[in-house]
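The primary structure of each chain is shown beneath.
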Amino acid sequence: MLIFKLNIMKTIILGMAAFLFSLNIQAQNKNVKSEVKTTVTTVKDSEGEKKTIKTQEVQEVQHIELKDADSNVLNKEMKETPVQVTKTTEITANGITRVIDVDRSAYYNLNGKKYQVTADQGGYTMFFPEGKKAAILRKTSNNNYIYKTKNNTSFGYFDANGNLVLETYDDKTDKVTVTTYTIIKQ
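Presented here is an overview of the structure given in this document. (Residues numbered from 1 in each chain as written. Predicted model: local features only at pLDDT ≥ 70, side-chain atom pairs only at ≥ 80, totals over all residues. Heavy atoms only, no water.)

Next up on the list: the packing of aromatic side chains. With the rule as written, the count across this model stands at seven aromatic pairs. Centroid distance tyrosine 115 to phenylalanine 128: 6.1 Å. Interplanar angle 50°. Geometry classified as tilted. Here phenylalanine 128 lies in the loop between strand S9 (123-127) and strand S10 (133-139) and tyrosine 115 lies in strand S8 (residues 113-119), a separation of 13 residues in the sequence. On the basis of relative accessibility, which here comes to 31%, the residue phenylalanine 128 falls in the partly exposed class. If you follow lysine 114 out to its NZ or CZ, it ends over the ring of tyrosine 107, 4.5 Å from the centre. (Phe/Tyr/Trp six-rings, centres within 6.5 Å; stacked < 30°, edge-to-face > 60°. Helix = DSSP H or I, 4+ residues; strand = E, 2+ residues; numbered from the N terminus. Buried < 20%, exposed > 50% of the residue type's maximum accessible area, 1.4 Å probe, protein only. Lys NZ or Arg CZ within 6 Å of the ring centre and 35° of its normal.)

Examined bridge by bridge, strand S1 (residues 30-45) and strand S2 (residues 48-63) share 16 bridges and lie antiparallel to one another. Counterpart to glutamate 35 in the pairing with S2 is valine 58. Remark: two residues form the turn of the hairpin made by S1 and S2, two consecutive strands paired antiparallel. (Pairing = 2+ DSSP bridges.)

Let us now look at the pairing of strand S13 (residues 164-170). With four bridges connecting them, strand S12 (residues 153-158) and S13 associate as antiparallel partners. Looking at S13, one finds that phenylalanine 158 is bridged to leucine 164. The hairpin turn running from S12 into S13, its antiparallel successor, is five residues long, and glycine 162 in that turn takes a positive phi close to 90°. Where S13 folds back on strand S14 (residues 175-183), the antiparallel hairpin that results is connected by four residues, among which aspartate 174 adopts a positive phi of roughly 55°.

Counting residues in hydrophobic clusters, the biggest one holds 18 residues, and the most contacted among them are Tyr108, Met126, Leu137, Tyr147, Leu164 and Tyr181. Where this core is concerned, the elements lending two or more residues are strand S7 (106-110), S8, S9, S10, strand S11 (145-148) and S13. With sequence-adjacent residues up to four places away left out, tyrosine 147 is seen in contact with Met126, Ala135, Ile136, Leu137, Asn152, Thr153, Ser154, Leu166 and Tyr181. (Core = buried A, V, L, I, M, F, W, Y, C linked by side-chain atoms within 4.5 Å. Contact = heavy atoms within 4.5 Å.)

Strand order in the closed barrel made by the eight strands is S7-S8-S9-S10-S11-S12-S13-S14, with antiparallel pairing throughout. Here the strands of the sheet are splayed against their neighbours by 30° on average, with no regard to which way each runs. Here S9 runs beside S10; their pairing, made up of five bridges, is antiparallel. Its bridge partner being in S10, threonine 125 is matched across the sheet by isoleucine 136. (Axes fitted to C-alpha atoms, helices over the stretch in contact; angles between N-to-C directions.)

Moving on to unusual backbone geometry. One can expect most non-glycine residues to show negative phi and most peptide bonds to be in trans. The backbone of asparagine 111 sits at a positive phi, close to 55°, despite the residue not being glycine. Within the secondary structure, asparagine 111 sits in the loop between S7 and S8. Here aspartate 174, not a glycine, exhibits a phi torsion of approximately 55°, which is positive. Structurally, the position occupied by aspartate 174 is in the loop between S13 and S14. Residue classification places aspartate 174 among the exposed positions, given a relative accessible area of 57%.

This part is about the layout of surface pockets. By volume, the largest pocket amounts to about 720 Å³. As for the largest pocket, its lining consists of 35 residues, and the residues nearest its centre are Ser105, Gln116, Val117, Thr118 and Ala119. Of all the elements in the fold, those that place two or more residues in the lining of the largest pocket are S1, S2, strand S5 (83-93), S7, S8, S9 and S10. Its residues assigned to classes, the lining of the largest pocket shows 13 nonpolar, twelve polar and ten charged. By volume, the second largest pocket amounts to about 470 Å³. Forming the boundary of the second largest pocket are 22 residues, of which Phe128, Lys133, Ala134, Ala135 and Thr149 lie nearest the centre. Every element with two or more residues in the lining of the second largest pocket is listed here: S10, S11, S13 and S14. Considered class by class, the residues forming the lining of the second largest pocket number ten nonpolar, six polar and six charged. (1 Å grid on protein atoms, 1.4 Å probe; cavity = no way out; pocket = protein on both sides within 12 Å on 5 of 7 lines; lining within 4 Å. Points joined across faces, edges and corners; volume = space filled by probe spheres on them. Nonpolar A, V, L, I, M, F, W, Y, C, P; charged D, E, K, R; others polar.)

Written out as structure tokens, the structure is:
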């Protein structure tokens, strides 16, 4: 009976040692840099004052690797490894929070006029240079946008350069016109 209890204790001790050793092996050394930027935007228009809170988190993770990990040298040099950048943007408007992958809020230029696109609870809102609401953009299931003004509805998307491209169908001429709002890089 005593041998049985010793075997059980031995098994428990070895199991705990194996568990602690495996935790030590799984720990990875990495450099992590995280930056959170919160922007509060208040827009006054004919419908009143609306406040939008945008929180952007940028996290950079770099795994630490040594050049000569097997050498007996005490101070070892780090090997250059790629930095993985993750960006997360949360927008809170009218008490509703949504997470977006790429924030397209920016200023855009069309025919010498500067338009502002800001994120809202359902997508984006575009404002004229004088601050009046020009249009809304609503995301579709295939990562494109429906662009809606008082008189027009267009199909829109953001090209590889970040420009807003609108395609509008004219039923009188049976043609599609393409309008490109060029992003203003700051």
